[in-house]
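Here are the chains, one letter per residue:
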Amino acid sequence: THPLLGRDLLTLADWNDTELFDVLETAAELKLRQQRRKAHPLLANRTLAMIFEKPSTRTRVGFESAMVQLGGHGIYLSPRDTQIGRGETIGDTARVLSRMCDAIMARVNDHATLVELAQAADVPVINGLSDWLHPVQALADALTIREYFGSCQGVKLVYLGDPNNVSNSLLELAPRLGMDFAIGTPFVANVDQHLLAQSRLQAAANDTKIVVTNDPLEAVKDADVLYTDVWVSMGQVVAEGHLEALQPFQINAELLAAARAGAKVMHCLPMHRGEEISADVADGERSIVFDQAENRLHTHKAVLVATIAGLALRRTKRLA
Ligand code: CP
Ligand code: NVA
């Protein structure tokens, strides 16, 4: 069995480089099986409890479809409709779900809720987005970059806009996969200092570069991928002038022209055309946002089979 059996995924730092690599390989193989409509019931009769304190399209549908395609079932739980909403503790909820389900996935307002869930649960707990991190998004992003560039090694990824859960997880992941990573933001001081320090250590070990700058043109220089996210995250309270300060960091034709020729554009979605990304770029030929969204499904499957069943797969040769 794979060492990820029974393990949590609260942050990408929970897993070592080999484990991350194995999950991406597994995702690529499961994607191929799905595309060929080859059944892969690796989690037959297993259930995943899915707690959502915030709205979701991709995370919910991606995990629920993943469980069904793996032969199991995902159970959507909103605090409004469960006893959590009437005061049952997170710890008791985790204990009960552990007796009935094979894993718990949760999207929470406060990252501490995930830590509390994981402490009380006997089954794997997977972070489906917290105020601090969005690890399953970063895994799907890495799979997408591998598909377009052959490998993450040597790719320069640039995140533009508001430092948030998505940029935090990219900061954790990029240097570990051999990518150069830049953040272009007017809010340089809001970049998580702990994660930045960790990321710089990883970058030094892997001979990659990390840049944080308030100059959008400096950020996008030599970029292979421009990445952005909403300017106001769910539950975020912003200061006056927040949106105005972000304007120069919009991914538009002009900023794209300052990146490497053929650079790709990514967004974790949902996107707001005319804010963090211009409509022409969002819907243009450089945009790979829907491949990215699809890859949530395949990476979720890989995370689930690894943590619930201790399975990792090798890629079979693509048929000619
Ligand atoms: N990117 C992402 O997590 O999307 P949802 O909020 O729709 O789940
Ligand atoms: N940063 C965004 C991501 C949504 C998928 C948010 O937290 O709202």
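As named in an unreviewed UniProt entry, the chain is Ornithine carbamoyltransferase, taken from Herpetosiphon gulosus. Of the chain, the UniProt comment under Catalytic activity (unreviewed entry) reads exactly: "carbamoyl phosphate + L-ornithine = L-citrulline + phosphate + H(+)".

1. Some thoughts on the UniProt feature "domain: Aspartate/ornithine carbamoyltransferase carbamoyl-P binding" (unreviewed entry) in the chain
What UniProt calls "domain: Aspartate/ornithine carbamoyltransferase carbamoyl-P binding" (unreviewed entry) maps, in this numbering, to residues 7-147. Helix makes up 46% of residues 7-147 and strand 13%, and the two end C-alpha atoms of the span are 27 Å apart.

2. A short note on helix H1 (residues 17-35)
For the α-helix, the turn length of 3.6 residues means that residues three or four positions removed from each other point alike. For H1, built from 19 residues, the straight-helix expectation of 27 Å at 1.5 Å per residue is met to within 8% by its first-to-last C-alpha distance of 27 Å. Those residues of H1 not exposed but buried are Asp22, Val23, Leu24, Thr26, Ala27, Ala28, Leu30 and Lys31. The inward-facing, buried residues of H1 abut helix H5 (135-149) and helix H12 (289-309). Looking one or two residues beyond H1, the residue adopting positive phi is arginine 37, at roughly 55 degrees.

3. Side note on the confidence of the model for the chain
Within the chain, residue pLDDT values average 97, and 99% of them lie at 70 or more. Reported for the predicted complex are a pTM of 0.98 and an ipTM of 0.99.

4. Considerations on the pairing of strand S2 (residues 73-77)
Two elements, strand S1 (residues 47-52) and S2, share five bridges in a ladder whose sense is parallel. Bridge assignment links leucine 48 to a residue of S2, and that residue is glycine 74. A crossover links S1 with its parallel partner S2, the connecting element being helix H2 (residues 58-69), and its sense is right-handed.

5. Remarks on the site of ligand 2
Around ligand 2 lies a shell formed by Leu129, Asn164, Asn165, Val166, Asp229, Val230, Ser233, Met234 and Cys268. Here the residues of the shell around ligand 2 sort into five nonpolar, three polar and one charged.

6. Comments concerning the domain arrangement of the chain
What the domain assignment reports for the chain is domain 1 (12-133 + 296-309) and domain 2 (135-293). Using only C-alpha atoms to locate each centre, domain 1 and domain 2 end up separated by 25 Å. Of all the secondary structure elements, the ones that give two or more residues to the side of domain 1 that touches domain 2 are H1, strand S4 (125-127) and H12. Here the side of domain 1 that touches domain 2 gets six residues from one element, more than from any other, and that element is H1. Its residues assigned to classes, the side of domain 1 that touches domain 2 shows twelve nonpolar, seven polar and five charged.

7. Brief notes about the pairing of strand S6 (residues 180-184)
Within S6, five of the five residues are buried, leaving the element largely enclosed by the surrounding structure. Of the crossover connections in this fold, the one passing from strand S5 (residues 156-160) over helix H6 (residues 165-173) to the parallel S6 is right-handed.

8. Side note on the sheet that holds S1
Pairing in this open sheet of four strands is parallel, and the strands run S2-S1-S3-S4 from one edge to the other. The open sheet has two edge strands, S2 and S4, and neither has a second partner. Direction aside, the axes of adjacent strands within the sheet are offset by 20 degrees on average. In the sheet, S1 pairs with strand S3 (residues 103-107) via five bridges, with the strands oriented parallel. Its bridge partner being in S3, methionine 50 is matched across the sheet by methionine 105. This element, H2, spans S1, S2 and S3 of the sheet and lies at about 150 degrees to S2.

9. Considering the nonpolar core
By size, the foremost hydrophobic cluster in this structure holds 91 residues, and its most contacted members are Ile104, Val158, Leu170, Leu226 and Leu304. When residues in this core are grouped by element, the largest group, nine residues, is from H12. With near-sequence residues (within four places) excluded, isoleucine 104 lies in contact with Ala49, Ile51, Ala94, Leu97, Leu117, Ala121, Val123 and Val125.

Each value, and the rule that gives it
- Residues numbered from 1 in each chain as written.
- Chains lettered and ligands numbered in written order.
- Predicted model: local features only at pLDDT ≥ 70, side-chain atom pairs only at ≥ 80, totals over all residues.
- UniProt positions renumbered as here; feature names shortened; annotations may be inferred.
- Helix = DSSP H or I, 4+ residues; strand = E, 2+ residues; numbered from the N terminus.
- Expected span 1.5 Å × (residues − 1).
- Buried ≥ 20, exposed ≤ 12 C-beta atoms within 10 Å, placed from the backbone.
- Contact = placed C-beta atoms within 7 Å.
- pLDDT = per-residue confidence, 0-100.
- Pairing = 2+ DSSP bridges.
- Right-handed = clockwise from strand over helix to strand, strands pointing away.
- Near = placed C-beta within 6 Å.
- Nonpolar A, V, L, I, M, F, W, Y, C, P; charged D, E, K, R; others polar.
- Domains from an automatic or database assignment.
- Axes fitted to C-alpha atoms, helices over the stretch in contact; angles between N-to-C directions.
- Core = buried A, V, L, I, M, F, W, Y, C linked by C-beta atoms within 7 Å.

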